[in-house]
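Spelled out, the chains give:
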Amino acid sequence: MEQYTTVSYKNKKIRKIKDKRKHKEALQAWMFIGVGFILFAVFMAYPLLKNIEMAFMDYSVNPNKPSTFIGLNNFKKAFLSSGVLGESDKFYLALRNTLLCALVTVPFQWFIGMMLAVAIESLSKGKMFYRFLLYIPVISDWLVVAILFKYIFQDTSGALVNSILLNLHIIKEPVMWLQNEWTANIVIWSLCIWKGIGWVMIMYTTALQDLPKDIYEAAEVDGATKKQSFWKITIPLLQSRTYFIITSLIIGAFNVLLQVMLITNGGPMGRTDVLLNYMYNKAFSSFDFGYAAALSVIMGIILIVISVFQKKITNNAKIEF
Amino acid sequence: MKSKLNQILKHLILLFMVILALLPFMNMITTSLIPNAYVLPSEPQIIPKQFYFGNYVAVWEGEDFGRYFLNSVFVTCITTVLTLIIASMSAYGFARLNFPGKNIIFNIYIYSLMIPAILALVSQFTVLQRLNLVNTYAGLIVLYVSGGVAGNTFFLKGFFETIPRALEESVIMDGGSRWTVYRHIILPLSRPALATMAIGTFSGTWMEVFTALTIIKTQSKRTLPIAIKLLQNGKATQWGIIFAASIIVLIPIMTIFILFNKQFINPGGSQGAIKG
């Protein structure tokens, strides 16, 4: 009995020391993560949460005029049609263009980028040369390249793209790229593709270099051709990287904003508008903050659904080597 | 023989892709060297035939461009330094220390990365308004730094975890503090990762438009991207001037890229590749 109490006393003491140590460690940890956490909480997390609240309000920027709670009205404004000049038509156009942008640009960026990575990796000379030059569009800023694309797609015959197409006899007259709905969309898409290819290429290059070499040697011993080992070994092994790249590209397509704002600003008549540009203009040109917040909540939900979906697929498809 | 032909064919295709990637830039550089390019020339200029630097002089001297340049240097450098300090400390905390709520906070960080930062801009503006930080560099920098906390902590934590623990245990045994470990072991050993992160933060901040456009109102406080965006807002676009300005703005980024291109495009730097 006596022994038992001393043991429990000892345990208690050890636990106390352990608790103290844990307590101390937690305190130290907060000294390290504290500043970052506070900044994140105040300037990122809180604004994102506040956005959700604002989405249900007729939000007033003027501190003297109170904001009023209006329930789902901002969401109704986006989703339900209200006459000829209603916002919902513009919202659906912006949503359509955003989805189209993802649908068109992601496959091109992915496929060309992957092929480039594979081709460069198989070269005997000049690997770094090509990687370096093909990466230049990636590091150049969106602001600059958007203006640049507006310039090369001008509607005169002396503009770069029209001139090349005229010289190759693909077109007979200069195309008014930015004046028409679909040609203007093509300009925006080609900018996204042109700038994204290099990033995909580098992402695949690093993945290719991480691949275990001995599998290929084994395949060669077994008489597999290069083509066979590409389709049967390389492609499956790159699968988890592929999912990551495609998700990043889709999220990137939802991030399209500067491209549209600088090249067309949604014109002609909002036919090339995308969600972020539409939201930005609603907030900072019309000062309709509540509606803009509702739009951001809609977008946030779409993106989280995509990410969760991607995580599920990736977890199922993970191949260890 | 067949494989040699194959290699040549690949080189040809790759050279074609390089031309596609660089032709617009050639066009831009040449245009910036032509006087008064209000109207487009009848033929696109790819190879410069003349070297007229008047546009560059006009950009640098007119419109307070030099001042905007300094503003941008100031904001970008402070942001990069603060981000380095805050993110590396935070990443060390997550990589090595245990505390209640650690996993929850870290998961929130990761989820926040999927949401475009611009979605928060509207309410970030209202928060700054309440703190009286609208139209100040403090406000702008605080948004830049806060926006980078989650992503950079995530990136550096992964790197710190690859550093063997044995090194720091000996320091702790000798009575050293966590701070000593962080300062004298973790930081020196993770220079490559810190460099990658610094480059990413620098280039991201250097050309950031929307936050700057929203927060900064006074003309003299403008940063470069705002200046460029406003240059092209005018009705008669002066392409020569705009492109001269764009090239001046691209120079720091290109210099960094040329000096540190291995950080960008070399194997192992995969996490550092910047998705612009």
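Residues numbered from 1 in each chain as written. Chains lettered and ligands numbered in written order. Predicted model: local features only at pLDDT ≥ 70, side-chain atom pairs only at ≥ 80, totals over all residues.

**Student:** Is there a simple way to think about the overall build of chain A in this case?
**Tutor:** Helix and strand content of chain A: 13 helices and two strands. Taking 2.2 N^0.38 as the reference for a compact globule, 321 residues should give roughly 20 Å; the C-alpha atoms of chain A span a radius of gyration of 27 Å, well beyond that estimate. Across the 321 residues in chain A, those meeting the buried criterion constitute 39%. (Helix = DSSP H or I, 4+ residues; strand = E, 2+ residues; numbered from the N terminus. Rg over C-alpha atoms; globule rule 2.2 N^0.38 Å. Buried ≥ 20, exposed ≤ 12 C-beta atoms within 10 Å, placed from the backbone.)

**Student:** Would you mind showing me how to read the overall build of chain B here?
**Tutor:** A tally of helices and strands in chain B yields 13 helices and zero strands. Here the C-alpha coordinates of chain B stretch approximately 75 × 70 × 30 Å along the principal axes. Per-residue burial over chain B gives 41% buried out of 276 residues. Intrachain contacts of chain B at a sequence separation of at least 6 include 72% that bridge at least 24 residues. (Contact = placed C-beta atoms within 7 Å.)

**Student:** Which parts of the structure should I look at to understand the domain arrangement of chain A?
**Tutor:** Interface extent is often summarised as the accessible area lost during association of the parts. Partitioning chain A into structural domains gives domain 1 (2-54) and domain 2 (81-317). A straight line from the C-alpha centre of domain 1 of chain A to that of domain 2 of chain A covers 43 Å. (Domains from an automatic or database assignment.)

**Student:** Is there a simple way to explain the interface of chain A and chain B in this structure?
**Tutor:** Listed as interface residues are 77 residues of chain A and, on the opposing side, 71 residues of chain B. Looking at which element gives the most residues to the side of chain A that touches chain B, the answer is helix H1 (residues 2-54) of chain A, with 22 residues.

**Student:** Looking at this structure, how should I read the confidence of the model for chain B?
**Tutor:** In regions of low pLDDT, the predicted coordinates are not meant to be interpreted in detail. Residues and elements named next belong to chain B. In this model, chain B carries a mean pLDDT of 85, and residues with pLDDT of at least 70 account for 92%. For chain B, the element scoring lowest by mean pLDDT is helix H13 (residues 261-265), at 72; helix H3 (residues 65-96) scores highest, at 94. Here residues 267-276 scores under 50 on pLDDT; set against residues more than four positions off or in separate chains, the count is 25 contacts. Overall fold confidence for the complex sits at a pTM of 0.85, while the interface term, ipTM, reaches 0.86. (pLDDT = per-residue confidence, 0-100.)

**Student:** Looking at this structure, how should I read unusual backbone geometry?
**Tutor:** Trans is the prevailing form of peptide bonds, just as negative phi is the prevailing case for residues other than glycine. Residues and elements named next belong to chain A. Of note in the backbone geometry, His169 takes a positive phi value of approximately 60 degrees without being a glycine. For His169, the position within the fold is in the loop between helix H6 (160-167) and helix H7 (181-210). The phi dihedral of Phe287 falls on the positive side, at around 55 degrees, and the residue is not glycine. Tracing the backbone through its elements, the reader meets Phe287 in the loop between helix H12 (275-284) and helix H13 (289-317). Taking the number of C-beta atoms within 10 Å as the measure of exposure, Phe287 has 15 and is therefore partly exposed.

**Student:** Please explain the environment of Cys101(A) as it appears in this structure.
**Tutor:** Residue and element names in this part refer to chain A. As for its position among the elements, Cys101 is in helix H3 (residues 87-121). In this structure, the C-alpha to C-alpha distance between Cys101 and Ile188, residues 87 residues apart in sequence, is 8.4 Å. Apart from residues lying up to four places away in sequence, Cys101 is in contact with Trp189, Cys192, Ala253, Val256 and Val274.

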